[in-house]
Amino acid sequence: MDRNFICLAFFLFTTFFFAQSHTVIGKWKTIDDETGKAIAVVEIFEIHGKMYGKVIEIFNVKRDQKKCEKCPGDDKNKPILGLTVIKGLTKEGNQYGNGKILDPKHGRLYKCTIGLESRDKLKVRGYIGISIIGRTQYWDRIKG
């Protein structure tokens, strides 16, 4: 009986650990695709089966109080720190799509897909119209 319990506990622990490390949920360091520099930390989370991402840290101290002056709708003039930039992505096979991503720098809202390139690398694609017209960034998972 003890041996079965230990095996079951080990199986549940490894399943939980595997599931946690192979999900887009978590904290991600955003990397500027033009400069290669780290910009901010976005925390991706799930609400009612949809993925969202919120800016929780900005690395440039001069910009951490900046507002999204060019953003559309309800996001206009909101602080970038705390802003939800990934909005309503749904599962599509191995990635998420059918949602939007907000570029606070230019105040533009794009269609978006995200998916894991590896356990600790997230591919983020923002585009207009069709996916071929857009750009891709790779974000790094923050561990711990």
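As shown above, the structure is provided for reference.
So, here is what we can say about the structure in this document. Throughout, a residue's number is its position along its own chain's written sequence, starting from 1. pLDDT decides what is reported in this predicted model: residues at 70 or higher carry local features, side-chain atom pairs at 80 or more are listed and counted, and totals for whole chains, interfaces and linings draw on all residues regardless. In computing side-chain values, all of the structure's heavy atoms are included and hydrogens and water are not.

## What about the overall build of the protein?
- Going along the chain from the N terminus, every DSSP run of H or I of four or more residues is numbered as a helix, and every run of E of two or more is numbered as a strand. For the protein, the count of helices and strands is one helix and eight strands.
- In sequence order, the secondary structure elements of the protein are arranged as α-β-β-β-β-β-β-β-β.
- With 144 residues in all, the protein has 31% of them scored as buried.
- Contacts in the protein between residues far apart in sequence, at least 24 positions, make up 35% of those at least 6 positions apart. Here's how the labels work: a residue is buried when its accessible area is under 20% of the maximum for its type, exposed when over 50%, partly exposed in between, all with a 1.4 Å probe on protein chains only. Two residues form a contact once any of their heavy atoms are found within 4.5 Å.

## Structural notes on the state of the cysteines
- By definition, disulfides here are pairs of cysteine sulfur atoms that lie within 2.5 Å. Tallied over the entire structure, the rule returns one disulfide.
- Across the disulfide from cysteine 68 sits cysteine 71; the S-S distance is 1.5 Å. The disulfide joining cysteine 68 to cysteine 71 has a torsion of about 50 degrees about its S-S bond and is therefore right-handed. Each member of the pair cysteine 68 and cysteine 71 is classed as buried.

## A short note on the nonpolar core
- Membership of the largest hydrophobic core comes to 24 residues, with the highest contact counts inside it found for Ile44, Ile114, Leu122 and Trp139.
- Where this core is concerned, the elements lending two or more residues are strand E2 (38-47), strand E3 (50-58), strand E4 (84-92), strand E5 (95-103), strand E6 (108-118) and strand E7 (121-127).
- Apart from the residues lying within four places of it in its own chain, the contact partners of isoleucine 114 are Val24, Ile44, Leu89, Gln95, Tyr96, Leu122, Lys123 and Val124. Nonpolar cores are built from buried Ala, Val, Leu, Ile, Met, Phe, Trp, Tyr and Cys residues. Side-chain atoms within 4.5 Å join them into one set.

## What to know about the packing of aromatic side chains
- Under the pairing criterion, centres of Phe, Tyr and Trp rings, with the six-membered ring standing for Trp, must be within 6.5 Å; the plane angle then separates stacked pairs below 30 degrees from edge-to-face pairs above 60, leaving the rest tilted. Inspection of the entire model under this criterion finds one aromatic pair.
- For the pair phenylalanine 45 and tyrosine 52, a centre-to-centre distance of 6.1 Å together with 25 degrees between the ring planes defines the contact as stacked.
- Under the relative-accessibility criterion, phenylalanine 45 is labelled partly exposed at 25%.

## Some thoughts on a nonpolar patch on the surface
- To count toward a patch, a residue needs a relative accessible area above 30% and no salt bridge. Like charges then connect within 9 Å, nonpolar side chains (Val, Leu, Ile, Met, Phe, Trp, Tyr) within 5 Å. Using a 1.4 Å probe, the Shrake-Rupley method yields the accessible areas, and only the shown protein chains count as cover for residues. By convention in these notes, a salt bridge is any Lys or Arg side-chain nitrogen within 4 Å of a carboxyl oxygen on Asp or Glu. The grouping of Ile128, Ile130, Ile132 and Ile133 at the surface amounts to a nonpolar patch, some 450 Å² of accessible area in total.
- Within the secondary structure, isoleucine 128 sits in the loop between E7 and strand E8 (134-141).

## Some details on the pattern of salt bridges
- Applying the stated rule across the entire model yields four salt bridges.
- Sharing partners across several salt bridges, the network here consists of Asp120, Arg141 and Lys143.

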